[in-house]
Amino acid sequence: MAETDAEQEARQAKRKRIRRIKLLIFVVPLFSITILLGLCIFLGIRLHMVKKELRDMRAAIEATTVIDQTDSADNTNDADTDTEPALYTVSEVDEFKQTGNAEEAVSEEDSSVRKVYLTFDDGPSSNTNRILDILADYDVKATFFVVGKEEEEYQALYNRIVEEGHTLAMHSYSHKYNEIYQSVESFSTDLSKLQEFLYDTTGVWCRYCRFPGGSSNTVSRVDMHELIDYLEDQDMSYFDWNISSGDAASAYISSADIIRNCTVNLRDYDEAIILMHDASNKNSTVEALPGLIETIQAMEDTKILPITDDTERIHHISND
Ligand SMILES: [Zn+2]
């Protein structure tokens, strides 16, 4: 009998163990899955918040950088402070004067007028004509910091930019950071190639540049001051920006956000250089343009102008 009791106890104990194990087999994975799910949701929300914070911080940094009036804005290496047009058609500087583009600039008596410069990097692109159409509709001149694209389809775009009185300026031929920022030589080779290509294509000898990533970029292997020296030696100027549209900050930004980014701090500046992009995937930039131009034009004592020698050099970094 004693044996039977013992056996019974053993059986019960075994059953209990089995129940416990079954319970564990069911509960542990369920618990783990719940925890993992919760973690995923939490991380997802956190990631979203961090991204938003990052965007806000970037916008704030860009805005603050601009306030540094010593250098004005970011990466655009613009020309001098004279009244000359931004571009030189080797023999036809006068033509610009009669077309009233670039040198329509602003005379000294207009010093109380806020000057806003719309600038487009990275073109030409499949969106260039749309941008030019809108600028023409509003009779507004802008500045295009272009790259080198030799395909037939782009030739007309470089020329249209010039013919319609906008400032043609240089960004870089290849826009490949690992090539252009390898050395002063690689930078100068790239820029000369672009300068000559633009001259052959349009007859304009460009002197205004914007460093890819701006003069404050952190990817260059060369000290940016050396590249700035090089530009000065070549009688070229660079222009950064003090307002960023934010159209390069993320894969998609709404046109409403672009307009807001461009205008929210605009009143803080006497001269504002706005960074935008002319690229095939930047449709919202194009869509933002009419509203942006109308908003700026509705501001008192404010003019939209192309970059010229009169434009304040907005620099993120300079050798001054
Ligand atoms: Zn660029």
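Keep in mind the model is a prediction, meaning the values are calculated, not measured.

Visitor: Which parts of the structure should I look at to understand the overall build of the protein chain?
Guide: On a plain count of helices and strands, the protein chain comes out with nine helices and eleven strands. When burial is assessed residue by residue, the protein chain has 41% of its 320 residues classed as buried.

Visitor: Help me out: how do you make sense of the confidence of the model for the protein chain in this one?
Guide: In low-pLDDT segments, the atomic positions of the prediction should not be examined closely. In the predicted model, the protein chain carries a mean pLDDT of 83, and the fraction of residues at 70 or more is 80%. This stretch, residues 59–106, has a pLDDT under 50; its non-local contacts, to residues over four places away or in other chains, come to 140 contacts.

Visitor: Help me understand the environment of T128, please; the structure alone is not making it clear to me.
Guide: By secondary structure assignment, the location of T128 is in helix α3 (residues 128–137). Overall, the presence of 23 C-beta atoms within 10 Å leaves T128 in the buried class. Separated by 30 residues in sequence, T128 and Y158 have C-alpha atoms that sit 9.3 Å apart. When near neighbours in sequence (up to four residues on either side) are disregarded, T128 contacts G123, L157 and D278.

Visitor: When you look at α3 in this model, what are you seeing that I'm missing?
Guide: The set of residues buried in α3 consists of T128, I131, L132 and L135. With its buried residues spanning 95° around the axis, α3 presents them on a single face. Next to the buried residues of α3 lie β3 (114–121), α4 (152–163) and α9 (283–297). Just downstream of α3, D139 is the residue with a positive phi angle, here 50°.

Visitor: Which parts of the structure should I look at to understand the pairing of strand β4 (residues 143–147)?
Guide: Along a regular strand, successive side chains alternate from one face of the sheet to the other. Burial runs high along β4: five of the five residues are buried. Direction of pairing for β3 relative to β4: parallel, over a ladder of three bridges. Residue pairing in the sheet places D121 in a bridge with F145 of β4. In terms of strand pairing, β4 meets strand β5 (residues 167–172) through five bridges, oriented parallel. Bridge assignment links T143 to a residue of β5, and that residue is T167. Tracing the backbone out of β4, into α4 and back to the parallel element β5 gives a crossover that is right-handed.

Visitor: What's the story with the pairing of β3 in this structure? I'm lost.
Guide: Within β3, eight of the eight residues are buried, leaving the element largely enclosed by the surrounding structure. Both faces of β3 are covered, namely the face carrying R114, V116, L118 and F120 and the face carrying K115, Y117, T119 and D121. As paired elements, β3 and strand β11 (residues 302–304) share three bridges and run parallel to each other. When the bridges of β11 are listed, K115 appears paired with K303.

Visitor: So what exactly am I meant to see when it comes to helix α6 (residues 184–202) here?
Guide: In an α-helix there are 3.6 residues to a turn, and that puts residues three or four apart on one side. Over its 19 residues, α6 extends 27 Å from the first C-alpha to the last, a length consistent with the 27 Å expected when each residue adds 1.5 Å. Among all positions of α6, only F187, D190, L191, L194, Q195, L198, T201 and T202 are buried. All buried residues of α6 fall inside an arc of 135° around its axis, so they share one side. Those residues of α6 that are exposed and angled more than 90 degrees off the buried face are E185 and D200. Tucked into the core, α6 has its buried residues touching α4, β5, α5 (177–180), β6 (204–206), β7 (208–210) and α7 (224–233).

Visitor: I keep staring at the environment of S215 and nothing clicks. Help me out?
Guide: Relative to the helices and strands, S215 resides in the loop between β7 and α7. Remark: the alpha-carbon pair of S215 and H316, spanning 101 residues in sequence, is separated by 5.9 Å.

Visitor: What's the story with unusual backbone geometry in this structure? I'm lost.
Guide: Most peptide bonds are trans, and most residues other than glycine sit at a negative phi. Omega for the bond connecting G123 with P124 falls within 30 degrees of zero, at 0°, which places this linkage in the cis form. The residue P124 is located in the loop between β3 and α3 in this model. Backbone geometry at D139 places phi at a positive 50°, although glycine is not the residue there. Relative to the assigned elements, D139 resides in the loop between α3 and β4. Phi is positive for D235, which is not a glycine, with a value near 60°. Tracing the chain through its elements places D235 in the loop between α7 and β8 (237–239).

Visitor: Quick question: what am I supposed to make of the packing of α4 against α6 here?
Guide: Packed helices, taken two at a time, are described by the angle between their axes plus the distance between the axes. As a packed pair, α4 and α6 sit with axes 9 Å apart at the nearest point and diverge in direction by 80°. In terms of orientation, α4 lies roughly perpendicular with respect to α6. Judged by residue contacts, Q155, Y158, N159 and V162 of α4 engage L198, T201 and T202 from α6. Residue classes in the contact of α4 with α6 are distributed as three nonpolar, four polar and no charged.

Rules used throughout
- Every chain begins its residue count from 1, and numbering advances along the sequence as written.
- Two thresholds apply to this predicted model, a pLDDT of at least 70 for residue-level local features and 80 or more for giving and counting side-chain atom pairs, whereas whole-chain, interface and lining totals are computed over all residues.
- Strands here mean DSSP runs of E at least two residues long; helices mean DSSP runs of H or I at least four residues long; both are numbered from the N terminus.
- Using C-beta atoms placed from the backbone, we call a residue buried if 20 or more other C-beta atoms fall within 10 Å of its own, exposed if 12 or fewer do, and partly exposed for counts in between.
- The predictor attaches a confidence to each residue, and that confidence, scored 0 to 100, is pLDDT.
- A pair of residues counts as a contact when their C-beta atoms, built from backbone coordinates, are separated by no more than 7 Å.
- As used here, the arc is the angular range of directions from the helix axis to the C-beta atoms.
- Two strands form a pair only when DSSP identifies at least two bridges running between them.
- The handedness of a crossover follows from its direction of travel: if, with the strands pointing away from the viewer, the path from the first strand over the helix to the second runs clockwise, the crossover is right-handed.
- By definition here, a helix of n residues has an expected span of 1.5 Å times n minus one.
- The convention used is that axes are lines fitted to C-alpha atoms, helices contributing only their stretch in contact, and that angles between N-to-C directions extend from 0 to 180 degrees.
- In this scheme, roughly parallel covers angles under 35 degrees and roughly antiparallel covers those over 145, while 65 to 115 is roughly perpendicular and the rest are oblique.
- Residues were grouped as follows: Ala, Val, Leu, Ile, Met, Phe, Trp, Tyr, Cys and Pro as nonpolar; Asp, Glu, Lys and Arg as charged; and all remaining residues, including Gly, as polar.

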